Amino acid sequence: MGLILEMLSYPFLVRAVVGGVLVSLCASLLGVSLVLKRYSMIGDGLSHVSFGSLSVALALGWSPLKVSIPVVILAAFFLLRITENGKLKSDAAIAMISASALAIGIVATSLTTGMTTDVSSYMFGSILAMSPSDVGLSAGLSLVVLGLFLICYNKVFAVTFDESFAKATGVNVSLYNVLIAVLTAVTIVLGMRMMGAMLISSLIIFPALTSMRIFKSFRSVVWSSGILSVICFCIGMAASYKYSTPAGATVVLVNLAAFFLFGMGNILQRLAGTGRTTARCGS
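Residues numbered from 1 in each chain as written. Predicted model: local features only at pLDDT ≥ 70, side-chain atom pairs only at ≥ 80, totals over all residues. Heavy atoms only, no water.

What follows concerns the overall build of the protein chain. Regarding its fold elements, the protein chain presents 13 helices and zero strands. Walking the protein chain from its N terminus toward its C terminus, one meets helices and strands in the order α-α-α-α-α-α-α-α-α-α-α-α-α. (Helix = DSSP H or I, 4+ residues; strand = E, 2+ residues; numbered from the N terminus.)

See below:
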């Protein structure tokens, strides 16, 4: 408790925690659908697109977030279009866009300012990079993302598990696929200030995969993923503050530890179930 109170005495840490909790929650909820639809690497691809657009914006003296958000949304829409048309597999399309955007960002950086503190913070993350305006924008957009996810929950569930059945029942599958991609794009851009382009996809992948090791229903996995993501983020921030380690990397390591712990819990559940079955058979 003393450590928490000490952390909250620093305004920049309060901003980081508020923004990080909201972004972590958004990423984890969307991550369940993305993992089940085998689009888990879309976060990595879009983070590289975001880095490329942020680098160009900084080189030209423009507002990074205001430039990056529409660019990443367009990239997400383009990525869905080319994969739905069947011209490219999803993994190939993500790899192509990811590498191209990263190359553009690196070239733009090298030709102008070089690897400055601002560019480095977007690539690797920095809790010091969260300004009050960033937190305000992150909070507002995160609430919009959460609201849209909750409003469209039933349609997202249908599209995630069976697109053909959803289409037969009158659901506009393309619209909701685009909605998922757009919400993911916004979340990726908001989370880059904290986690960096190299690590932001972990907030999407880890909570969903971890929750799926214990729970089987979609609703249970969504709830578990959201709660677990927030807890892991807060533990990671506290550990980062106490041991002076990079915040983004520490959060990822805490998520990794949770993944292994839930895996052990899954094994124990199976062993307990096997034991009960053996006991019934013996009786």
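Next comes the rest of the description.
A word on helix 11 (residues 202-212). Across the 11 residues of helix 11, nine count as buried, placing the element largely inside the fold. Taken residue by residue, helix 11 has Ser 202, Leu 203, Ile 204, Ile 205, Phe 206, Pro 207, Ala 208, Thr 210 and Ser 211 as its buried positions. (Buried < 20%, exposed > 50% of the residue type's maximum accessible area, 1.4 Å probe, protein only.)

Here the focus is the nonpolar core. Counting 72 residues, the largest nonpolar core has Leu 46, Met 194 and Met 237 as the members making the most contacts within it. Looking at this core, the element that brings in the most residues is helix 10 (residues 173-195), giving 15 residues. (Core = buried A, V, L, I, M, F, W, Y, C linked by side-chain atoms within 4.5 Å.)

In this model helix 2 (residues 11-36) runs 38 Å from its N-terminal to its C-terminal C-alpha over 26 residues, within 8% of the 38 Å that 1.5 Å per residue would give. Taken as a whole, helix 2 carries its principal kink of about 30° at Leu 30. Remark: Arg 38 follows helix 2 within two positions and exhibits a positive phi of approximately 60°. (Expected span 1.5 Å × (residues − 1). Bend = angle between axes of the 7 residues up to and from the residue.)

What follows deals with unusual backbone geometry. Located in the positive-phi region is Ser 244, a residue other than glycine, with phi close to 55°. Mapping Ser 244 onto the fold places it in the loop between helix 12 (218-243) and helix 13 (247-282). We classify Ser 244 as exposed; its relative accessible area is 68%.

Under the counting rule described, the total for this entry stands at zero disulfides. There is no disulfide at Cys 234, and the cysteine sulfur nearest it, in Cys 232, is 9.5 Å away. A relative accessible area of 34% places Cys 234 in the partly exposed class. (Disulfide = S-S within 2.5 Å.)

Glancing now at the packing of aromatic side chains. Counted by the stated rule, this structure contains eight aromatic pairs. With a centroid separation of 5.5 Å and an interplanar angle of 80°, the aromatic rings of Phe 161 and Phe 218 are classed as edge-to-face. You can see Phe 161 sitting in helix 8 (residues 153-161) and its partner Phe 218 sitting in helix 12, a full 57 residues away along the chain. The exposure class of Phe 161 is partly exposed, given its relative accessible area of 48%. Here Phe 218 falls in the buried class, since its relative accessible area comes to 6%. Between Phe 259 and Phe 260, the aromatic rings sit 5.8 Å apart at their centres with planes inclined by 70°, giving edge-to-face as the arrangement. (Phe/Tyr/Trp six-rings, centres within 6.5 Å; stacked < 30°, edge-to-face > 60°.)

Judged by side-chain polarity, Trp 223, Ile 227, Ile 231 and Ile 235 come together as a nonpolar surface patch covering roughly 440 Å² of accessible area. Summarising the element assignment, Ile 227 is placed in helix 12. Residue class for Ile 227 comes out partly exposed when judged on its relative accessible area of 48%. (Patch = residues over 30% accessible without salt bridge, like charges linked within 9 Å, V, L, I, M, F, W, Y side chains within 5 Å. Areas by Shrake-Rupley, 256 points an atom, 1.4 Å probe, with all protein chains shown as cover. Salt bridge = Lys/Arg side-chain N within 4 Å of Asp/Glu carboxyl O.)

Let's shift gears to the pattern of salt bridges. For the structure on display, the rule yields one salt bridge. Where Lys 37 meets Glu 163, a salt bridge forms, and the shortest distance between an N and an O atom there is 2.7 Å. Residue Lys 37 is found in the loop between helix 2 and helix 3 (42-60), and its partner Glu 163 is found in helix 9 (residues 163-168); the two are separated by 126 residues along the sequence.

At a minimum axis distance of 9 Å, the contact between helix 2 and helix 10 shows a crossing angle of 145°. Remark: the crossing between helix 2 and helix 10 carries left-handed chirality. Seen from helix 2, the contacting residues are Ala 16, Val 23, Cys 26, Ala 27, Leu 30, Ser 33 and Leu 34; seen from helix 10, they are Ile 180, Leu 183, Thr 184, Thr 187, Leu 190, Gly 191 and Met 194. Residue classes in the contact of helix 2 with helix 10 are distributed as 10 nonpolar, four polar and no charged. (Axes fitted to C-alpha atoms, helices over the stretch in contact; angles between N-to-C directions. Left-handed = near helix turned anticlockwise from the far one by under 90°. Contact = heavy atoms within 4.5 Å. Nonpolar A, V, L, I, M, F, W, Y, C, P; charged D, E, K, R; others polar.)

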